[in-house]
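# Descriptive analysis of the structure
The residues making up each chain are set out below.
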Amino acid sequence: MAESFAFEIAAKVLEKLGSAAYERICVAWGVREEFEKLNLTLAAIRAVVLDAEQQQARSQELSLWLQRFKDACYDVEDLIDEFEIQEWRRQVLEQGSTGRKVRHFFSGSNPLAFRFRMGYKIKKANERLNEIAAEKARFHLTEKHETNVIHRERETYSFVKTSSVIGRDEAKQHLVNFLMDPTDGEDIPVLPIVGIGGIGKTTLAQLVFNEESVKSHFELRIWVCVTEDFDIKQLMIKIIKSATGMNCKDMNKEGLHKVLQDCLNGKRFLMVLDDVWNEDKKKWSELKDLLCGGAQGSRIIVTTRSRKVATVTGTTPQYDLEHLSYENCLSLFLKLAFKEGEEKHDNLVRIGEGIVQKCKGVALAVKTLGSLLCSTRIQHDWELVRDCELWKLKQEENDILPALKLSYDHLPWYLKQCFAFCSVFPKDFEFDHLFLVSLWMANGFLQSPYENEEPEDIGNRYIQELLSRSFFQQVEDNFFPFIFKMHDLVHDVALSVAQNEVNSCNHYSTGNVRHLWFDLSKQDASQLPNNLGCLRSLLLLDEEGKADSESLIAAVISRSKHLRVLDLANCSLEQLPNNIRYLKQLRYLNLAYNGNIKRLPNSICNLQSLQTLYLDGCRGIEELPKDIRYLISLRELWVTTKQTRLHEKGISCLTSLRTLIFSECENLEKLFEDIQNLTALRELYINNCHNLVSLPQGLKYLTTLENLAIVNCENLDLTMEELELERKEDGSLRKLAIGGVPKLESLPQWILLGSAKTLQHLCIGELENLSTLPTWFQHLTSLQILEIDDCPKLLFLPEGMQHLTALKRFMIERCPKLSKRCIEETGEDWPKIAHILDFYCDETDDK
C-alpha cells in the first residue's frame, strides 16, 4: 500500500516555479530559460504520474521509475531553495549595509561563483528529467487529473445477524428513540452516524433497521448503499429497487422521478443511506427534494466517516459512534477465533487479550484478527499477530486496513502527504496545532488556491479537514494549544502509505528516508540509517542523556545537508554543534527543554530559511544571540532566557513573526519597547515571567494581533494609564486570556486592544484581587465563550450581559460569591445569563 507521493511533490515544485519568488530569481540571476525547460518537462511527466501510481503495484520497473522522478523533484526543489536563500542573504546584507561586519558574517557568498555553480546544477537537473521523461514512453501511461472519486464499489445490505452484534444496546436505543419521536418539522429529519471506518456504523444501522418495533412503525423501509460519486440517477434507481424490487436502470430521470413519487407518496418511510462520502450541499439538496412525498414521521439515517458530510446532511445533532469497550471487543474476538463449544486454551486467550488491545475498540479490526486466527491453534501464529504491526499482516479487501485505506484514498492530494508524515511519530503521540503546522510548513506541504493565505491558516484548515474526516481525534480544546491525536489503526494506515519515506520508532524504510524519529533511550546510535543524504526531518530524543548527543548530532548534520526540520527537544544538550550553520535550508529548529544550554552559537543567525525556533524551557540560556535580527524568515519564536532586559533592535526586527511566546523568563523585567515593529504578529503569549513589571506601550499598535495570553506574572501591573488613551476600534483580537496576575483588581479597557467587536473567547482565572467586571463587557458583541475561574472576590456580573446574544458557552468555577448569584432560576444574576445554552457553574460553598 506504499504511496510514491510523486504527484504531490511535483505539484509543490511546479507551484514554486510559478511563484513571485521564482520571478525575482529569474530576473536576478538570468536563469529563466533553463528553469522554463525544467517547468515544461516536470509538468509533462506529472500529467501521467497518477496513472503510474495506480499501476505501480503490478510493475517493479514502474515503481522504480516513479522513485527516480520523485527524487529528481526533491532535487529541483533544493535548487530553487538555494536561490531563495541567496536572495534572503542579499536582503540581510542590505539591512546591515554599514558593511564589513555583515559581509564577514556571510563570507563565502560570491555571486559569480554561485551563478556558475547553480548553472551547472540546473543543467544536470534538466538532463536527468529529460532521461526520466524519455523512459515514460515504455510504460504506455495516460494523462490523468486529480479527482476524489475512488472507483471501488462497496455494497452493503440491510440484513444483520442480531446475535453477532455485541455492545451496541445504548446506541441502538438512541437511534430507535429518534425514529419514534412524534415531533416533526417541515423537513424530513436526518440523523448522521459518524465514526472512523470499521467502527460499526453500518452494523448499528442494520441493527436498528431490523428492530421489530421499527418494522411495525414504518410502512416502507429502504436501504441504499450510496455510490461514491453520489450520482442522483443511480441513487433513484437504488431507492426504487429497495422499496419495490423494480429494476428501472433503463429509465430516464423524468420517468424515475415519477416512479419514486408513486413509491413514497403518503407513506411513512425509513431510509438508510449507508456509507455517504458526498460533501456537496447542492447534490444533497437535489436528492432531499426528491424524497419529499412521504408521510409525516418519515426518517432518514446517514452513515458516514466525515463530519462535513454530517453537517451537510443532518437536521439533528450527529451521533458519534463510540469505540467498543475492551470487554465487548474481547467477547467478540473469542466468539470469532474459537468455534462454538470449542475449549478455549488459556494461553491463547491470554495472547488474544493482547491482540484485542491493539484493536482499540474498532469492531472490524477485532473481526479481521479473530477471523484470521480461527483456523490455527498454534501459539506462535497467535503471538505473531499480537506482536506484528497490523499494516504488515495480510488483509482481504473487506478487512480493516483496506477499509480505512479507502478513507485515505478519498483525501484530496494536498492532504495525503500531510497525513502520511504524521506516521513518523509513535502511536498515542499527542499533537498540538502549532507544533504540527510548523512541521508541515517547514517541509513545504502547505499549499493553497488563494494567493495571500497565510501558511498557518492553511495548516489549521488542514487539521480541521483531517478531524472532520476522522483521521484525527480531539483530546483537548484548550485556550492554547489545541491537542489531538491519531487512532492507532489510523496510524497503521499512515505507516502503510508512508513506508518508503519514513523511519520511525517501529518502522525502518529501505528507500531514501526523508523523515526520521529516533529515540536514543530505546535505540542505539549505531542503528541510525546509513542513507541520510536525503533526510528532510530529524526528530531526536535523548531524555536520559545516554548518548554523546553533541557529537552524534554533529555527525548527523554533516551527513544531512538538506534538513528542513531538526527537533532536539529534551536531548540533554549542553551546547549546539557549530556545524549547524551549514544547514542553510533549515526551517524548523526545536531546542526546547535543554536546560543546560547556556549560550547559542551566533552562527545560528546564519540560517535565513529558519521559520520556527523553540527555546522554551532552556532555563540556562544567559542571552539570546546578538544577531538574532538576521533571522528574517522567522515566523514563530518561543523564548526562555535569564536576561532582565531584551536587546533593542533584536526580536523587534523580526518583522515576519506571527507567533511570539515568552515562557519562564524568571528575570525578565521588561519586553522591548519597539514591539510595534512586529506588524504581522498574530499571537503573543507571556507566561511564568514572575519579575515582569510592565508591558510596552507599543502593544496598542499591534492591530493584527488575534490571540493574547498573559498568565502567572505575579509582579505585572496592567493598570497603565498611558495605554488607556482613546483608540480606534481597529483591533483583530479573537482570544484573550488573563490569569495569575494578583495585582489586577479590575480589567483595564486597553487590554482589548480596540477589539470589542471581534473578541470571541475570553478566559479569566486565578485573579485573587479581581472584585468587579467592567461595564464594557456588554459591548463584546462577538463573544462566544467566557470562562471565569478562581476569582474568589468577584461578587456579581456586570449589567448588560443579556445583550451578549452571541455567547454560547459560559463557565464559572471556584468563584463562590459569583456562583451563588448565578444559580439557575433563583440566582440574582440568572436573568442576565438565562439566554446562554451551555452554562456551567460549580457548586463551591461560600466560605
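Residues numbered from 1 in each chain as written. Predicted model: local features only at pLDDT ≥ 70, side-chain atom pairs only at ≥ 80, totals over all residues. Heavy atoms only, no water.

### Side note on the overall build of the protein
Of regular secondary structure, the protein possesses 26 helices and 23 strands. Since a compact globule built from 847 residues should have a radius of gyration of about 29 Å, the 30 Å found for the protein is in line with a globular shape. Counting only C-alpha atoms, the protein reaches 85 × 80 × 60 Å along its principal axes. For the protein, buried positions account for 56% of its 847 residues. Across the protein, every contact between residues at least 6 apart in sequence was considered, and the portion connecting residues at least 24 apart equals 68%. Surface summary for the protein: the accessible area is close to 37000 Å², and the carbon and sulfur share equals 48%. For the protein, the distance from the average site of its 102 positive side-chain charges to the average site of its 124 negative ones is 5 Å. (Helix = DSSP H or I, 4+ residues; strand = E, 2+ residues; numbered from the N terminus. Rg over C-alpha atoms; globule rule 2.2 N^0.38 Å. Buried < 20%, exposed > 50% of the residue type's maximum accessible area, 1.4 Å probe, protein only. Contact = heavy atoms within 4.5 Å. Areas by Shrake-Rupley, 256 points an atom, 1.4 Å probe, with all protein chains shown as cover. Lys, Arg positive; Asp, Glu negative; His and termini not counted. Charge placed at Lys NZ, Arg CZ, Asp CG, Glu CD.)

### With respect to the sheet that holds strand E8 (residues 482-485)
The strands making up a sheet associate through backbone hydrogen bonding, with each pair oriented either parallel or antiparallel. Sheet architecture is open: three strands sit in the order E6-E8-E7, paired in antiparallel fashion. Edge positions in the sheet fall to strand E6 (431-432) and strand E7 (473-477), since each has one partner strand and no second. Sitting on the sheet, helix H22 (residues 455-468) is in contact with E7 and E8, with an inclination near 45° to E8. (Pairing = 2+ DSSP bridges. Axes fitted to C-alpha atoms, helices over the stretch in contact; angles between N-to-C directions.)

### Re helix H2 (residues 20-29)
Within the span of H2, buried status applies to Ala21, Tyr22, Ile25, Cys26 and Trp29. Down the axis of H2, the buried side of the element spans an arc of 140°, and every buried residue falls inside it. Turned more than 90 degrees away from the buried face of H2 sit Ala20 and Val27, all of them exposed. At the exit of H2 stands Gly30, carrying a positive phi of roughly 60°. (Arc of directions from axis to C-beta.)

### Details of the nonpolar core
Of all hydrophobic cores here, the largest spans 145 residues; its most connected members are Phe35, Trp65, Phe69, Phe333, Phe419, Trp440 and Phe472. Top element by residues in this core is helix H5 (residues 60-95). It accounts for eleven residues. If near-sequence neighbours (up to four positions away) are discounted, Phe472 is found in contact with Cys422, Leu436, Trp440, Ile463, Leu466, Leu467, Phe484, Lys485 and Met486. In this structure, Leu591, Leu610, Ile628 and Phe662 belong to the second largest nonpolar core, which totals 103 residues. (Core = buried A, V, L, I, M, F, W, Y, C linked by side-chain atoms within 4.5 Å.)

### Some thoughts on the packing of helix H20 (residues 413-421) against H22
Between H20 and H22, whose axes approach to 11 Å, the crossing angle comes to 85°. In terms of axis orientation, H20 runs roughly perpendicular to H22. The segment H20 lies against H22, with Tyr414, Leu415, Cys418 and Phe419 engaging Tyr462, Glu465 and Leu466. Considered class by class, the residues forming the contact of H20 with H22 number six nonpolar, no polar and one charged. (Parallel < 35°, antiparallel > 145°, perpendicular 65-115°, else oblique. Nonpolar A, V, L, I, M, F, W, Y, C, P; charged D, E, K, R; others polar.)

### A look at the side chain of Glu456
If you trace the backbone, Glu456 turns up in helix H22. Note on Glu456: relative accessible area 13%, which makes it buried. Apart from the residues lying within four places of it in its own chain, the contact partners of Glu456 are Val437, Met441, Arg635, Arg658 and Arg682.

### Remarks on the environment of Asp627
Within the fold, Asp627 resides in the loop between strand E14 (612-614) and strand E15 (636-639). Sequence separation between Asp627 and Leu290 is 337 residues; the distance between their C-alpha atoms is 67 Å.

### Let's talk about the confidence of the model for the protein
The predicted model of the protein has a mean per-residue pLDDT of 88, with 94% of residues at 70 or higher. Within the model, the stretch residues 103-107 combines pLDDT values under 50 with eleven contacts to residues more than four positions away or in other chains. (pLDDT = per-residue confidence, 0-100.)

### Description of the pairing of strand E22 (residues 809-813)
Of the two faces of E22, the one holding Phe810 and Ile812 is buried and the one holding Arg809, Met811 and Glu813 is not buried anywhere. Sheet topology note: the strand E21 (residues 785-789)/E22 ladder contains five bridges and is parallel. Each residue of the ladder has a partner; that of Ile785, found in E22, is Arg809.

### Some words on the environment of Trp830
For Trp830, the position within the fold is in helix H26 (residues 830-833). When the C-alpha atoms of Trp830 and Leu797 are compared, they prove to be 9.5 Å apart, with 33 residues separating the residues in sequence. Residues within four places of Trp830 in sequence aside, it is in contact with Arg821, Cys822, Ile823, Glu824, Glu825 and Phe839.

### Observations concerning the sheet that holds strand E5 (residues 319-320)
Taken together, five strands build an open sheet; the order of strands is E2-E3-E4-E1-E5 and the sheet is parallel. Here the strands that pair on one side only, and so sit at the sheet edges, are strand E2 (220-225) and E5. Where E2 meets strand E3 (residues 269-276), six bridges bridge the pair, whose relative direction is parallel. Bridge pairing links Val224 to Leu273 in E3. Packing against the sheet, helix H11 (residues 232-244) makes contact with E2 and E3, and its axis sits at approximately 140° to E2.

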